[in-house]
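Single-letter residue listing:
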Amino acid sequence: MAYFARFALLVSFPFLLAALVIATVSLRAQQPDQRGDDNAERFAVVELFTSQGCSSCPPADKLLGVIDDSADTESLPVYVLSMHVDYWNRLGWADPYSSREFSDRQRAYAKVLGDRVYTPQMIVNGRRAFVGSQPNDAKRAIDEALATRRVKQIDVKVEPPQKESTWQVAYKAANAKANQKLIVCLAVDMAPNAIPRGENSGRELGHHGVVLAFKAIDLGESPTGKVELTLPAKHKAGASKLRAIAFVQETTSGAITSAVRTDLPTARDLK
């Protein structure tokens, strides 16, 4: 708990400052000479590339949890996504949340950003990448993201599931461009689970914002539509939070230009 509290002290104060900045800007937006702010948004999409098979990753997983909790406490538009890569699976423990899709996504980032592939890696709004366990780097990147105003581009509506743990997300993108994609994720918080093998053998690890369903849509071809996402059967139970996070991303630069989060009932709530 002391370790977790230390991260909380490092992260919460800058988030409070960011909240005050946002509040100030919001008040200023009500003045007559501030036009067009009704369609503006500020956000930080925080992606963590991690693995249960990596001994360096648990501090980053905890930091992501602190970021998530602090954002909820301060009502800040900070959206965390834990993307578990699969290239650690061959080294003694197969991460149950891992996907080749996330490994490929991280490799694509490496090409766009001129970076290398490593874990833990945190990327904010598709442009700022750093070692995922570094709270100061995370604070700077998130504060910078929250200080940047962007034109709102995406609206989504999540419809109640027609069958167990399958959700339909209706979306509409304004001014969609040929080089933009809409990324829609279902993410959950996972209770700690024991790791019997690999570099984290004997530990219990929990995670915030674990991405379990992921779809990418070419907005140049489909600026309006619906997408269906289903949670894997083995992950339906035990989610403390379930949220849909959708964001617009440029394929050439990796920059995320618009984002929204919708909180959903858990699988237990739907029973």
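No experiment lies behind these values; they were computed from the predicted model shown.

Asks: Honestly, the overall build of the protein in this entry has me stumped. Any pointers?
Replies: In terms of helices and strands, the protein carries 4 helices and 13 strands. Out of the 271 residues belonging to the protein, those deemed buried represent 49%. In the structure as shown, the protein presents an accessible area of about 12700 Å², 51% of it carried by carbon and sulfur atoms.

Asks: Explain the nonpolar core to me, please; I cannot follow it from the model alone.
Replies: Counting residues in hydrophobic clusters, the biggest one holds 25 residues, and the most contacted among them are Leu182, Val184, Leu186, Leu212, Leu229 and Leu264. Contributions of two or more residues to this core are made by strand E7 (154-163), strand E8 (166-173), strand E9 (180-195), strand E10 (203-218), strand E11 (224-230) and strand E12 (242-250). Element by element, the count of residues in this core is highest for E9, at 5 residues. Once residues within four sequence positions are removed from consideration, Leu186 is found in contact with Trp167, Val210, Val211, Leu212, Ala213, Leu229, Leu231, Arg243, Ala244 and Leu264. Val45, Met83, Phe102 and Ala259 belong to the second-largest nonpolar core, a separate cluster that totals 23 residues.

Asks: Looking at this structure, I do not really get the pattern of salt bridges. What am I missing?
Replies: Pairing is possible between side chains that carry opposite charge, provided their charged atoms lie close to one another. Scanning all chains against the criterion turns up 14 salt bridges. One network of salt bridges, in which partners are shared, links Asp68, Asp72, Asp189, Lys241, Arg243, Arg261 and Asp263.

Asks: Can you help me understand unusual backbone geometry in this one?
Replies: A negative phi angle characterises most non-glycine residues, just as the trans form characterises most peptide bonds. Thr119 connects to Pro120 through a cis peptide bond whose omega is -5°. Counting through the fold element by element, Pro120 comes out in the loop between helix H3 (100-113) and strand E4 (121-124). You will see that Ser75, though not glycine, has its phi angle at about 55°, which is positive. Along the chain, the position of Ser75 falls in the loop between helix H2 (58-74) and strand E3 (78-84). For Ser75, a relative accessible area of 64% gives the class exposed. Phi is positive for Asn125, close to 50°, though the residue is something other than glycine. Along the polypeptide, Asn125 turns up in the loop between E4 and strand E5 (128-131).

Calculation rules
Residues numbered from 1 in each chain as written. Predicted model: local features only at pLDDT ≥ 70, side-chain atom pairs only at ≥ 80, totals over all residues. Heavy atoms only, no water. Helix = DSSP H or I, 4+ residues; strand = E, 2+ residues; numbered from the N terminus. Buried < 20%, exposed > 50% of the residue type's maximum accessible area, 1.4 Å probe, protein only. Areas by Shrake-Rupley, 256 points an atom, 1.4 Å probe, with all protein chains shown as cover. Core = buried A, V, L, I, M, F, W, Y, C linked by side-chain atoms within 4.5 Å. Contact = heavy atoms within 4.5 Å. Salt bridge = Lys/Arg side-chain N within 4 Å of Asp/Glu carboxyl O.

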